[in-house]
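# Results of the structural survey
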Amino acid sequence: MALLRALCTTLGGAALALTAPLLAAGPALADDGGDGFTLTDPRITESSGLAASRAHPGVHWTHNDQDEPRLFAVDGRTGKTVATVTLRGVGKPRDMEAVSVGPDGYVYVGDIGDNLGGSWSHVWIYRFREPERLRDTTVTATQYTVTYEDGPRDAEALMVHPKTGRVYIASKHEDGGGLYEGPRELSAKGANVFRRIGEVPWVTDGAFSPDGTRLVLRSYFSARGYAWRDGRLGADERVRAPIQGQSESVTYTLDGSALLFGSEGAGSRVVRVPVEGTGAAPAQGPTPRPSGSAASPSGADGADGEGGGSGLALGAVVLGAALLLSLRRLRGRGGQPPSA
């Protein structure tokens, strides 16, 4: 719904205006000399997913939601696109909403959004191997058909567990969604049925910590960190997250020391928030930085940013929640907002 998108953008802008002076006056949250990065590529106007590359430390994958089948590799130090990967062997995407990198060396793209509120009989996942070299290229991808055991769903979050390689999807609904577990191995033949294993809030993206012990799910106005054990959700707590105009994506840095929060829009900002001492902190602590992580475009772990966290920001969140509730009541119970 266009009204919801405008509402989120307005609230995000107001909250940023309120909190900017306080953030500027406080100590820098970055621990490696930066405060995040801005996506500079004019082709990236609806960054809907974000994932840290495993093959190229400091590089992050992103994509537009309604676009041709392509992804952008972005240097986390400069925000510049260092490679564009176009997918061959897949159909025309409908609504690409998420990206995740698995332990098998493959990138998984979730064409899982459903702007009709959960009416498509199936959605898709695309998978391709991370290129060894960062350059503009076309690669052959595998397309997987996905269905849900309890019927069609709108979804924006796809997460691949960094140890087991299992794929999970979190559905999106204003009254709360579900966490769905895929088969042990995806099959390119027939449908892959995802089954519901947990209840989650309204989710726009999610990410596992590099050690697989935490799952962070974000929504328009907040984020939560869950303990993850034996393939199931555990205790959860609120995670500090920035207020953004269109809260779309989240991923961990490759070493697990911080979360990166992304937003839509031309020239959108990716914000870094350290996880130390929070419910998003990996149980085993940050993963040692890979050797060579200070090298060239694929050698920087420079995705840094500001945290949320002031009384004014909290007030904006409360105001936003109240306005969303009022909007829902005004339009009744007959539908839900489209994927962003």
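Read on for an overview of the structure. Computed from a prediction, not measured in an experiment: that's the story for all the values here. (Residues numbered from 1 in each chain as written. Predicted model: local features only at pLDDT ≥ 70, side-chain atom pairs only at ≥ 80, totals over all residues. Heavy atoms only, no water.)

## Digging into the nonpolar core
So the rule is basically this: What makes a nonpolar core is a set of buried Ala, Val, Leu, Ile, Met, Phe, Trp, Tyr and Cys residues whose side-chain atoms join them at distances within 4.5 Å. Buried residues are those whose accessible area, probed at 1.4 Å on protein chains only, stays under 20% of the maximum for their type, while exposed residues exceed 50% and partly exposed ones sit between those limits. Helix and strand labels come from DSSP, where a helix needs a run of H or I of at least four residues and a strand needs a run of E of at least two; each type is numbered from the N terminus.
Core analysis: the largest hydrophobic core is formed by 19 residues, its most contacted members being W61, L71, L87, V107, V109 and F128. For this core, the secondary-structure elements that each account for two or more residues are β3 (59-64), β4 (70-75), β5 (81-88), β6 (98-101), β7 (106-111) and β8 (123-129). Counting residues in hydrophobic clusters, the runner-up holds 17 residues, among them A155, L158, V160 and V167.

## A few points about the pairing of strand β16 (residues 214-218)
Selection criterion: One bridge is not enough; two strands pair if DSSP finds at least two bridges between them.
Counting buried positions along β16 yields 4 of 5 residues, so the element is predominantly enclosed. Where strand β15 (residues 205-208) folds back on β16, the antiparallel hairpin that results is connected by 5 residues, among which G212 adopts a positive phi of roughly 80 degrees. Relative to strand β17 (residues 223-229), β16 runs antiparallel, the two sharing 5 bridges. Bridged to L217 within β17 is R224. The antiparallel pairing of β16 with β17 creates a hairpin that spans 4 residues between the two strands.

## Side note on the pattern of salt bridges
Stated formally: Salt bridges are defined by distance alone: a side-chain nitrogen of Lys or Arg within 4 Å of a carboxyl oxygen of Asp or Glu.
By the definition in use, this model includes 14 salt bridges. Of the charged contacts in the structure, one is a salt bridge between R224 and D236, with a shortest N-O distance of 2.5 Å. Within this pair, whereas R224 is found in strand β17, its partner D236 is found in strand β18 (residues 232-239), the two being separated by 12 residues in sequence. Ionic pairing is found between D230 and R229, a salt bridge with its closest N-O pair at 4.0 Å. Across the pair, exposure class does not vary: D230 and R229 are exposed alike. Each of D150, R153, R196 and E199 takes part in salt bridges that share partners, so that together they form one network.

## Things to note about the sheet that holds strand β21 (residues 269-274)
Spatially, β1-β21-β20-β19 is the arrangement adopted by the 4 strands of the open sheet, whose pairing is antiparallel. Two strands in the sheet have a free side with no partner beyond their single neighbour: β1 (37-38) and β19 (247-252). Where β1 meets β21, 2 bridges bridge the pair, whose relative direction is antiparallel. The residue of β21 that forms the bridge with T38 is R269.

## Looking at the packing of aromatic side chains
Stated formally: Within 6.5 Å between ring centres, the rings of Phe, Tyr and Trp (the latter by its six-membered ring) count as paired, and their orientation is classed by plane angle as stacked under 30 degrees, edge-to-face over 60, tilted in between. Sitting over a ring, as applied to charges here, requires NZ of Lys or CZ of Arg to be within 6 Å of the ring centre and within 35 degrees of the ring normal.
What the rule picks out here adds up to 6 aromatic pairs. An angle of 65 degrees between the planes, with centres 5.0 Å apart, marks the rings of Y148 and Y180 as edge-to-face. Of the two residues, Y148 sits in strand β10 (residues 142-148) while Y180 sits in strand β13 (residues 177-181), which places them 32 residues apart along the sequence. Like Y148, the residue Y180 is buried in the burial classification. Ring centres 5.4 Å apart and planes at 80 degrees place the aromatic pair W202 and Y220 in the edge-to-face group. Here Y220 lies in the loop between β16 and β17 and W202 lies in the loop between β14 (191-200) and β15, a separation of 18 residues in the sequence. Put simply, the rings of Y168, F208 and W228 touch in pairs and so form one group of aromatic residues. Taking NZ or CZ as reference, R94 lies 4.4 Å from the ring centre of W124, over its face.

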